[in-house]
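# Coordinates in review
Each chain, written out:
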Amino acid sequence: MNFEYFIAKRLITGKEHKVSISAPIIKIAIAAIALGILMMLIAIATGQGLKEKIREKVSAFNGHVQIYNYDNNNSEVSVVPVSLEQDFYPEFKSVEGISHIQAVASKGGIIRTEETFEGIIAKGVGEDYNWDVFKEYLVDGQLPDYTGKLNDEVLLSRRMASRLRFKVGDSFFAFFLKDGDASKTPNQRRFKITGIYDSGFEEIDSKYIFVDIRHIQRMNKWTENQVGNFEIFLDSFDDIDAKASEIYGKTLSNLDTQTITSKYFKIFEWIGLFDFNIALIIGIMIIVGGINMITALLVLILERTQMIGILKALGSPNWSIRKVFLYNAAYLIAVGLFWGNAIGLILLWLQQKFMIFKFPNPEEYYIEYIPVSIDLPTILILNLGVLILCLLMLLLPSYAITRITPVKAIQFE
């Protein structure tokens, strides 16, 4: 049997341990560890959840990578068409990790009512458009169906519908310039609202409506094989830069690629700060928990001075006695980790299931409720890291045992 572990176990399970002077300090140390791991779990789960949710929203409306003609000059509207007759369409077989590719086109216009008007960008989509990633943002009505003949169904944002006082089933007129020439009579289209969406992104909700791509093709005098650009969805967001470079190498020289991280670089720079904030919270919590454990360990050593003296008198080396107290400290840390994980995981599960907590200002975070992402491997690594770092922090204060002499320790009261 491990001698040090046996002594530590007797100290932990003994009745005198629960009524000793150090009992309140030990409870405080356990509470500090539990609170620390609880805060770390919340920080990691909410930070990662928010990052993933924002990524999902941006990619749902843009894809992960876009392919367009160089002559478009990064315009938000389609200027120079791209042919559908590409080797990579409708399936991008030459690059792995691509889940879907779709053709779209955009055109600027104005919605005019009797009372007001609103500038818009009509995003034309066709039968290849992936509505699955869009369904959760539909708040009223139904998604349009562009698989049959050309129709006037349109999807409008809730923000725009509120400003224009529209509802599902209403019709309106939209006007579009001909080839960017303001002197010509604009194209006029009558649309019927079949659904209303809410993405939470003001720059999307304030201007984008979804229409049949054939309207855009006809107004631009394009053929049915000409579109504005392609949107590509990847299996993993983490591969976006590598896949974008690979996609660029597999397309024609007159085509360029753009990732959503570069198109919306401000948003992704902002969510990139989450990692720093999470690391800062973890660092602070480990230091606070470690300091409390150091205090508890020193009190335990002080309380067991006579026992240390007896063990030294019997020939126990300093490192052996230090291991007794390190085993004791590891147990206290494990208790704190257990309660912190139990409470934290229950709270995170409740938030994930019932969305109890919401942002007071959802427009600043692009989402109404606080999202969470529970990753078990990350949680296991976090707990193991906290345990190891706290024990390493206790090595130095445990050195105080080497300064205790047997004669003075046995006489200590």
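Refer to the structure printed above.
Structure report, in brief. (Residues numbered from 1 in each chain as written. Predicted model: local features only at pLDDT ≥ 70, side-chain atom pairs only at ≥ 80, totals over all residues. Heavy atoms only, no water.)

### Quick word on the overall build of the chain
The condition is simple: Segments assigned H or I by DSSP are reported as helices when at least four residues long, segments assigned E as strands when at least two residues long, and all are numbered from the N terminus. Only C-alpha atoms enter the radius of gyration, while the globule expectation follows 2.2 Å times N to the 0.38, with N the number of residues. The classification of residues rests on relative accessible area computed with a 1.4 Å probe and restricted to protein chains. Under 20% of the type maximum is buried, over 50% is exposed, and intermediate values are partly exposed. We call two residues contacting when some pair of their heavy atoms lies within 4.5 Å. Only the protein chains shown count as cover for residues, and the accessible areas themselves come from Shrake-Rupley with a 1.4 Å probe. When charges are counted, neither His nor the chain ends are considered; positive counts come from Lys and Arg and negative counts from Asp and Glu. A single reference atom marks each charge: NZ on Lys, CZ on Arg, CG on Asp, CD on Glu.
Helix and strand content of the chain: 14 helices and 12 strands. Its C-alpha atoms give the chain a radius of gyration of 32 Å, more than 25% over the compact-globule value 22 Å for 413 residues. Overall, the chain is about 105 × 45 × 35 Å in size when its C-alpha atoms are taken along their principal axes. Looking at the 413 residues of the chain, the share that counts as buried comes to 47%. The contacts of the chain with a sequence gap of at least 6 include a subset with a gap of at least 24, amounting to 77%. Of the roughly 21,700 Å² that the chain leaves accessible, carbon and sulfur atoms contribute 58%. Counting 41 positive and 45 negative side-chain charges, the chain places the centres of these two groups 8 Å from one another.

### Structural notes on helix α3 (residues 23–62)
Operational definition: What a helix should span is 1.5 Å times the count of its residues minus one.
Taking 1.5 Å of rise per residue, 40 residues should cover 58 Å, and α3 covers 58 Å from first to last C-alpha, within 8% of that figure. With 28 of 40 residues buried, α3 is to be regarded as a mostly interior element. Phi for G63, located one or two positions after α3, is positive at around 75 degrees.

### A short note on unusual backbone geometry
Note on backbone geometry: most residues besides glycine have negative phi, and most peptide bonds are trans. Omega for the bond connecting Y89 with P90 falls within 30 degrees of zero, at 10 degrees, which places this linkage in the cis form. Note that P90 resides in the loop between β2 (82–83) and β3 (98–112). Even without being a glycine, M355 presents a positive backbone phi close to 50 degrees. With respect to the element layout, M355 can be found in the loop between α11 (318–354) and α12 (362–365). Of note, the phi angle at Y366 is positive, near 65 degrees, even though the residue is not glycine. Mapped onto the secondary structure, Y366 falls in the loop between α12 and α13 (376–395). On the basis of relative accessible area, Y366 is assigned to the buried category, the value being 18%.

### Topic: the pattern of salt bridges
Heads up, the rule is: When a carboxyl oxygen of Asp or Glu lies within 4 Å of a side-chain nitrogen of Lys or Arg, that pair is called a salt bridge.
Counted according to the given criterion, the structure contains 14 salt bridges. Between D275 and K51 there is a salt bridge; the shortest N-O distance is 3.0 Å. One end of the pair, D275, is in helix α9 (residues 265–303); the other, K51, is in helix α3, with 224 residues separating them in the sequence. With a shortest N-O distance of 2.8 Å, E76 and K207 are connected by a salt bridge. With E76 in the loop between β1 (65–69) and β2 and K207 in the loop between α5 (202–205) and β9 (208–212), this pair connects stretches of sequence that are 131 residues apart. E76 sits in the partly exposed class, given a relative accessible area of 42%. Three or more residues joined by partner-sharing salt bridges are found here, namely K53, E56 and E136.

### Some remarks on a negative patch on the surface
Selection rule: Patch definition: residues above 30% relative accessible area lacking any salt bridge, with like charges linked at up to 9 Å and the nonpolar side chains Val, Leu, Ile, Met, Phe, Trp and Tyr linked at up to 5 Å.
A surface patch of like charges, here negative, comprises E202, E203, E363 and E364. Taken together, the elements giving at least two residues each to the negative patch come down to α5 and α12. Relative to the elements of secondary structure, E203 occurs in helix α5.

### Quick word on the packing of aromatic side chains
To keep it simple, the criterion reads: Aromatic pairs are defined between Phe, Tyr and Trp rings, using the six-membered ring for Trp, whenever the two ring centres lie within 6.5 Å; interplanar angles under 30 degrees are classed as stacked, those over 60 as edge-to-face, and all others as tilted.
Taken as a whole and assessed by the stated rule, the structure comprises 26 aromatic pairs. A centroid spacing of 5.7 Å and a plane angle of 10 degrees characterise the contact between F237 and F268, whose relative ring orientation is stacked. On the criterion of sequence distance, the pair formed by F237 in the loop between β11 (229–234) and α7 (240–249) and F268 in helix α9 is long-range, its members being 31 residues apart. A relative accessible area of 12% places F268 in the buried class. Here the aromatic cluster, defined as three or more aromatic residues joined through ring pairs, consists of F61, Y129, W131, F134, Y137, Y197 and F210.

### Description of the side chain of E4
Its location among the elements puts E4 in helix α1 (residues 3–13). Of the side chains bearing the opposite charge, K323 lies closest to the buried E4, which forms no salt bridge; the N-O distance is 4.1 Å. What E4 contacts, discounting residues up to four positions off in sequence, is S320, K323, V324 and Y327.

### Topic: the pairing of β11
Stated formally: Between any two strands, pairing holds if DSSP finds at least two bridges.
With six of six residues buried, β11 is to be regarded as a mostly interior element. By the alternation rule, side chains of β11 split into N229, E231 and F233 and F230, I232 and L234, which are all buried. Relative to β11, β1 runs antiparallel, the two being bridged by four bridges. Paired with V65 across the bridge in β11 is I232. In this sheet, β11 lies alongside β3 in antiparallel orientation, the contact comprising six bridges. Across the sheet, residue I101 finds its bridge partner in β11, namely I232.

### Details of the packing of α3 against α11
As a reminder of what qualifies: In this description, a line fitted to the C-alpha atoms serves as the axis of each element, helices being fitted only across the stretch in contact, and the angle between N-to-C directions of two axes falls anywhere from 0 to 180 degrees. Each angle is binned into one of four classes, with values under 35 degrees roughly parallel, values over 145 roughly antiparallel, values of 65 to 115 roughly perpendicular, and all other values oblique. Helix crossings fall into two classes, left-handed where the near helix is turned counterclockwise from the far one by less than a right angle and right-handed where it is turned clockwise. Each residue gets one of three labels, nonpolar for Ala, Val, Leu, Ile, Met, Phe, Trp, Tyr, Cys and Pro, charged for Asp, Glu, Lys and Arg, and polar for the others, Gly among them.
For the pair α3 and α11, interaxial distance at closest approach is 7 Å and the crossing angle is 40 degrees. Looking at the two axes, α3 sits oblique to α11. Regarding α3 and α11, the two cross each other, and that crossing is right-handed. For the pair formed by α3 and α11, the contact residues are I26, I30, I33, A34, I37, L38, L41, I42 and A45 on the first element and L332, I333, V335, G336, L337, W339, G340, N341, I343, G344, L347 and L348 on the second. Class assignment for the residues of the contact of α3 with α11 results in 17 nonpolar, four polar and no charged.

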